[in-house]
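Below, each chain spelled out in residue letters.
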Amino acid sequence: MNYAARKKMGLSLLIGLWQVVHFANAQPAPKPSVFSFTEYQDYGKYYERITYVGKRKDHYIVDTFSKDSVLYRTDNYKVINQGTVIGLFSVRHGPAKVLYGDGRLYLTCDYNMNELNGPFIVYHIDGSVKRRQLYRSGKLKKSACYDLAGNEQVCDAFYQRVTFKGNLNDLKAYFEKNLLIILPENEVTDMSISLTVNEIGQVTDTKVITDRSTLRLVSAIQKVVQDMPPVRENETNWKPARMDGIPIPETWVMHAYRDRTYLRIVFP
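1. As for the nonpolar core
F175, L179 and W238 are the most contacted members of the largest nonpolar core, which has 41 residues in total. A per-element tally of this core places helix 4 (residues 215–226) first, with 5 residues. In this structure, W238 is in contact with V162, T163, F164, K165, L171, L195, V197, G201, V203, M228 and W252, ignoring residues within four places of it in sequence. Formed by 7 residues, the second largest nonpolar core is a distinct cluster that contains F37, I50, Y60 and V79.

Next up, the structure:
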(Lines give C-alpha, C1' and ligand atoms only; values in the text may rest on other atoms or scores of the structure.)
Protein backbone atom coordinates (compact mmCIF):
# COMPACT_ATOMS: atom_id res chain seq x y z
CA MET A 1 0.00 0.00 0.00
CA ASN A 2 1.56 3.35 -1.01
CA TYR A 3 1.84 6.43 1.21
CA ALA A 4 -1.18 8.24 -0.25
CA ALA A 5 -3.40 5.20 0.16
CA ARG A 6 -2.30 4.74 3.77
CA LYS A 7 -3.01 8.34 4.63
CA LYS A 8 -6.42 8.17 2.95
CA MET A 9 -7.28 5.04 4.93
CA GLY A 10 -6.22 6.70 8.16
CA LEU A 11 -8.27 9.81 7.43
CA SER A 12 -11.39 7.88 6.50
CA LEU A 13 -11.26 5.99 9.78
CA LEU A 14 -10.84 9.26 11.70
CA ILE A 15 -14.61 9.69 11.51
CA GLY A 16 -14.93 7.06 14.22
CA LEU A 17 -12.23 8.85 16.25
CA TRP A 18 -14.05 12.18 15.94
CA GLN A 19 -17.52 11.05 17.01
CA VAL A 20 -18.24 12.25 20.53
CA VAL A 21 -20.85 9.61 21.32
CA HIS A 22 -19.81 6.10 20.33
CA PHE A 23 -21.18 3.04 22.10
CA ALA A 24 -19.26 -0.08 21.18
CA ASN A 25 -20.67 -3.56 21.70
CA ALA A 26 -19.54 -5.33 24.81
CA GLN A 27 -16.28 -7.13 24.18
CA PRO A 28 -15.95 -10.91 24.61
CA ALA A 29 -14.94 -11.94 28.11
CA PRO A 30 -11.14 -12.19 28.22
CA LYS A 31 -9.34 -15.35 29.23
CA PRO A 32 -7.94 -15.41 32.76
CA SER A 33 -4.69 -13.44 32.99
CA VAL A 34 -3.05 -11.55 35.79
CA PHE A 35 -2.12 -8.45 33.79
CA SER A 36 -3.29 -8.54 30.17
CA PHE A 37 -4.91 -10.53 27.40
CA THR A 38 -4.65 -9.88 23.66
CA GLU A 39 -6.96 -10.86 20.79
CA TYR A 40 -7.20 -9.97 17.09
CA GLN A 41 -10.17 -9.05 14.91
CA ASP A 42 -9.88 -9.06 11.11
CA TYR A 43 -12.09 -6.70 9.05
CA GLY A 44 -10.63 -7.46 5.63
CA LYS A 45 -9.08 -4.10 4.71
CA TYR A 46 -7.67 -3.68 8.22
CA TYR A 47 -7.37 -5.57 11.49
CA GLU A 48 -7.29 -4.71 15.19
CA ARG A 49 -5.11 -5.90 18.02
CA ILE A 50 -7.10 -5.59 21.24
CA THR A 51 -5.21 -5.71 24.53
CA TYR A 52 -7.19 -5.96 27.79
CA VAL A 53 -5.30 -4.46 30.72
CA GLY A 54 -5.49 -5.15 34.45
CA LYS A 55 -7.06 -7.89 36.53
CA ARG A 56 -10.63 -6.69 35.94
CA LYS A 57 -10.09 -6.22 32.18
CA ASP A 58 -12.20 -3.04 32.29
CA HIS A 59 -9.68 -1.14 30.17
CA TYR A 60 -8.47 -2.14 26.72
CA ILE A 61 -6.24 -0.70 24.00
CA VAL A 62 -7.09 -1.05 20.30
CA ASP A 63 -4.20 -0.87 17.84
CA THR A 64 -5.46 -0.67 14.24
CA PHE A 65 -3.27 -1.96 11.40
CA SER A 66 -3.64 -1.81 7.64
CA LYS A 67 -3.89 -5.11 5.79
CA ASP A 68 -0.12 -5.12 5.29
CA SER A 69 0.45 -4.76 9.07
CA VAL A 70 1.26 -1.04 9.24
CA LEU A 71 0.09 0.54 12.50
CA TYR A 72 -1.84 3.75 11.89
CA ARG A 73 -4.06 4.23 14.94
CA THR A 74 -4.24 3.54 18.69
CA ASP A 75 -7.27 4.10 20.92
CA ASN A 76 -8.05 3.50 24.59
CA TYR A 77 -11.44 2.31 25.86
CA LYS A 78 -13.09 1.82 29.22
CA VAL A 79 -15.76 -0.82 29.89
CA ILE A 80 -18.80 0.48 31.79
CA ASN A 81 -21.23 -1.81 33.61
CA GLN A 82 -24.77 -0.37 33.67
CA GLY A 83 -26.38 -3.33 35.39
CA THR A 84 -28.62 -6.12 34.16
CA VAL A 85 -30.80 -3.98 31.86
CA ILE A 86 -28.18 -2.22 29.71
CA GLY A 87 -25.23 -4.44 30.56
CA LEU A 88 -21.68 -3.71 29.40
CA PHE A 89 -20.70 -1.06 26.89
CA SER A 90 -17.47 0.70 26.01
CA VAL A 91 -16.51 4.36 25.82
CA ARG A 92 -13.41 6.06 24.52
CA HIS A 93 -11.36 6.97 27.55
CA GLY A 94 -7.72 7.99 27.51
CA PRO A 95 -5.19 8.97 24.85
CA ALA A 96 -5.62 8.32 21.12
CA LYS A 97 -3.24 8.79 18.23
CA VAL A 98 -3.13 8.43 14.45
CA LEU A 99 0.04 7.95 12.40
CA TYR A 100 1.15 8.84 8.90
CA GLY A 101 1.85 5.94 6.56
CA ASP A 102 5.57 6.06 7.36
CA GLY A 103 4.99 5.85 11.12
CA ARG A 104 5.37 9.54 11.93
CA LEU A 105 2.83 11.10 14.26
CA TYR A 106 -0.21 12.69 12.59
CA LEU A 107 -2.71 13.34 15.39
CA THR A 108 -2.97 13.06 19.17
CA CYS A 109 -5.93 13.72 21.45
CA ASP A 110 -7.49 12.55 24.70
CA TYR A 111 -10.97 11.37 25.64
CA ASN A 112 -12.73 11.46 28.98
CA MET A 113 -15.80 9.20 29.03
CA ASN A 114 -16.39 9.51 25.28
CA GLU A 115 -15.80 13.27 25.08
CA LEU A 116 -12.76 15.04 23.72
CA ASN A 117 -10.95 16.55 26.68
CA GLY A 118 -7.61 18.33 26.61
CA PRO A 119 -5.23 19.07 23.71
CA PHE A 120 -6.15 17.98 20.17
CA ILE A 121 -3.01 18.34 18.04
CA VAL A 122 -2.46 17.63 14.33
CA TYR A 123 1.05 17.57 12.83
CA HIS A 124 2.45 18.27 9.38
CA ILE A 125 4.46 15.48 7.78
CA ASP A 126 7.70 17.21 8.90
CA GLY A 127 6.59 17.06 12.55
CA SER A 128 5.64 20.72 12.96
CA VAL A 129 2.27 21.58 14.47
CA LYS A 130 -0.53 22.01 11.94
CA ARG A 131 -3.47 22.41 14.32
CA ARG A 132 -3.62 22.94 18.08
CA GLN A 133 -7.00 22.89 19.81
CA LEU A 134 -8.17 22.63 23.39
CA TYR A 135 -11.33 20.78 24.43
CA ARG A 136 -13.15 20.67 27.74
CA SER A 137 -15.85 17.99 28.11
CA GLY A 138 -16.37 17.79 24.34
CA LYS A 139 -16.51 21.55 23.76
CA LEU A 140 -13.91 23.43 21.74
CA LYS A 141 -12.30 26.22 23.81
CA LYS A 142 -9.28 27.33 21.78
CA SER A 143 -8.06 26.75 18.25
CA ALA A 144 -5.00 27.73 16.20
CA CYS A 145 -3.73 26.46 12.83
CA TYR A 146 -0.36 26.84 11.09
CA ASP A 147 1.11 26.29 7.64
CA LEU A 148 4.39 24.46 7.00
CA ALA A 149 6.35 27.67 7.55
CA GLY A 150 4.79 28.14 10.98
CA ASN A 151 2.56 31.05 9.99
CA GLU A 152 -0.81 31.13 11.71
CA GLN A 153 -3.80 30.74 9.40
CA VAL A 154 -7.58 30.48 9.54
CA CYS A 155 -8.82 27.26 11.16
CA ASP A 156 -11.54 25.48 9.24
CA ALA A 157 -13.41 22.74 11.08
CA PHE A 158 -11.26 19.61 11.25
CA TYR A 159 -14.25 17.48 10.23
CA GLN A 160 -16.96 18.75 7.87
CA ARG A 161 -19.92 16.52 7.16
CA VAL A 162 -21.47 15.94 3.74
CA THR A 163 -23.93 18.72 2.81
CA PHE A 164 -26.58 19.39 0.18
CA LYS A 165 -25.59 22.28 -2.10
CA GLY A 166 -29.09 23.62 -2.58
CA ASN A 167 -31.91 24.80 -0.33
CA LEU A 168 -32.91 22.18 2.25
CA ASN A 169 -36.56 23.26 2.08
CA ASP A 170 -36.55 22.49 -1.65
CA LEU A 171 -34.96 19.10 -0.95
CA LYS A 172 -37.58 18.31 1.68
CA ALA A 173 -40.37 19.34 -0.68
CA TYR A 174 -38.94 17.06 -3.37
CA PHE A 175 -38.89 14.04 -1.06
CA GLU A 176 -42.33 14.80 0.39
CA LYS A 177 -43.91 14.97 -3.04
CA ASN A 178 -42.28 11.84 -4.44
CA LEU A 179 -42.35 9.61 -1.36
CA LEU A 180 -46.08 10.19 -0.80
CA ILE A 181 -46.70 8.71 -4.24
CA ILE A 182 -44.81 5.47 -3.66
CA LEU A 183 -45.33 4.76 0.05
CA PRO A 184 -48.31 2.47 0.86
CA GLU A 185 -51.52 4.38 1.50
CA ASN A 186 -53.43 4.08 4.77
CA GLU A 187 -50.44 2.46 6.47
CA VAL A 188 -47.93 3.56 9.06
CA THR A 189 -44.42 3.45 7.59
CA ASP A 190 -41.20 4.33 9.40
CA MET A 191 -37.95 4.27 7.45
CA SER A 192 -34.47 5.68 7.00
CA ILE A 193 -32.78 6.43 3.68
CA SER A 194 -28.99 6.37 3.67
CA LEU A 195 -27.05 7.99 0.81
CA THR A 196 -23.35 7.25 0.35
CA VAL A 197 -21.60 10.30 -1.14
CA ASN A 198 -18.10 9.80 -2.53
CA GLU A 199 -15.11 12.17 -2.61
CA ILE A 200 -16.40 14.16 -5.60
CA GLY A 201 -19.98 14.51 -4.39
CA GLN A 202 -21.63 11.67 -6.30
CA VAL A 203 -24.25 9.43 -4.68
CA THR A 204 -22.76 5.95 -5.13
CA ASP A 205 -25.21 3.92 -3.05
CA THR A 206 -28.68 4.23 -1.50
CA LYS A 207 -29.82 1.96 1.32
CA VAL A 208 -33.36 1.84 2.69
CA ILE A 209 -34.34 0.48 6.11
CA THR A 210 -38.06 0.25 6.75
CA ASP A 211 -40.51 -1.79 8.78
CA ARG A 212 -42.36 -2.69 5.56
CA SER A 213 -39.45 -3.33 3.23
CA THR A 214 -40.08 -4.85 -0.19
CA LEU A 215 -37.79 -4.96 -3.21
CA ARG A 216 -40.30 -2.95 -5.20
CA LEU A 217 -40.51 -0.22 -2.55
CA VAL A 218 -36.74 -0.04 -2.10
CA SER A 219 -36.22 0.20 -5.87
CA ALA A 220 -38.80 2.98 -6.11
CA ILE A 221 -37.10 4.97 -3.33
CA GLN A 222 -33.70 4.49 -4.94
CA LYS A 223 -35.14 5.84 -8.20
CA VAL A 224 -36.45 8.93 -6.36
CA VAL A 225 -32.90 9.60 -5.17
CA GLN A 226 -31.45 8.89 -8.61
CA ASP A 227 -33.92 11.25 -10.33
CA MET A 228 -33.19 14.26 -8.11
CA PRO A 229 -32.86 17.31 -10.36
CA PRO A 230 -29.47 19.07 -10.28
CA VAL A 231 -29.20 22.21 -8.20
CA ARG A 232 -26.77 23.63 -10.72
CA GLU A 233 -26.20 22.42 -14.26
CA ASN A 234 -23.22 20.09 -14.73
CA GLU A 235 -22.61 19.86 -10.97
CA THR A 236 -23.29 17.25 -8.31
CA ASN A 237 -25.91 18.05 -5.70
CA TRP A 238 -23.65 17.21 -2.77
CA LYS A 239 -20.56 18.69 -1.19
CA PRO A 240 -18.48 15.76 0.09
CA ALA A 241 -17.40 15.39 3.69
CA ARG A 242 -13.88 16.55 4.50
CA MET A 243 -11.37 15.46 7.09
CA ASP A 244 -8.45 17.82 7.66
CA GLY A 245 -9.22 19.41 4.30
CA ILE A 246 -9.27 16.12 2.36
CA PRO A 247 -12.56 14.90 0.80
CA ILE A 248 -13.72 11.51 2.10
CA PRO A 249 -16.74 9.27 1.38
CA GLU A 250 -19.53 9.45 3.94
CA THR A 251 -23.19 8.59 4.41
CA TRP A 252 -26.06 11.08 4.72
CA VAL A 253 -29.13 9.69 6.45
CA MET A 254 -32.68 11.04 6.42
CA HIS A 255 -35.71 9.64 8.25
CA ALA A 256 -39.28 9.52 6.95
CA TYR A 257 -42.43 8.63 8.86
CA ARG A 258 -45.82 8.25 7.18
CA ASP A 259 -49.10 7.85 9.05
CA ARG A 260 -51.73 7.54 6.32
CA THR A 261 -51.83 10.98 4.62
CA TYR A 262 -49.27 12.58 6.94
CA LEU A 263 -45.56 12.44 6.06
CA ARG A 264 -42.78 13.76 8.30
CA ILE A 265 -39.21 14.00 7.02
CA VAL A 266 -36.18 14.66 9.23
CA PHE A 267 -32.75 15.54 7.83
CA PRO A 268 -29.49 15.01 9.75
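2. Quick notes on the sheet that holds strand 18 (residues 241–243)
Read from one edge to the other, the open sheet built from 3 strands follows the order 13-18-19, with strand pairing classed as antiparallel. Each edge of the open sheet carries a strand with a single partner, namely strand 13 (159–160) and strand 19 (246–248). As paired elements, strand 13 and strand 18 share 2 bridges and run antiparallel to each other. Paired with Q160 across the strands is R242, a residue of strand 18.

3. Regarding the sheet that holds strand 20 (residues 250–259)
What the 4 strands build is an open sheet, ordered 16-15-20-21; its pairing is antiparallel. Edge positions in the sheet fall to strand 16 (203–210) and strand 21 (262–266), since each of these pairs with one other strand and no more. Taken pair by pair, the neighbouring strands of this sheet meet at an average axis angle of 20°, ignoring direction. The pairing of strand 15 (residues 188–197) with strand 20 spans 10 bridges and is antiparallel. Paired with M191 across the two strands is A256, which belongs to strand 20. Against the sheet, helix 3 (residues 168–182) makes contact with strand 15, strand 20 and strand 21, and its axis sits at roughly 140° relative to strand 21, the strand it touches most. Where helix 4 meets the sheet, it contacts strand 15 and strand 16, and its direction lies at approximately 140° from that of strand 16.

Thresholds applied
- Residues numbered from 1 in each chain as written.
- Predicted model: local features only at pLDDT ≥ 70, side-chain atom pairs only at ≥ 80, totals over all residues.
- Heavy atoms only, no water.
- Core = buried A, V, L, I, M, F, W, Y, C linked by side-chain atoms within 4.5 Å.
- Buried < 20%, exposed > 50% of the residue type's maximum accessible area, 1.4 Å probe, protein only.
- Helix = DSSP H or I, 4+ residues; strand = E, 2+ residues; numbered from the N terminus.
- Contact = heavy atoms within 4.5 Å.
- Pairing = 2+ DSSP bridges.
- Axes fitted to C-alpha atoms, helices over the stretch in contact; angles between N-to-C directions.

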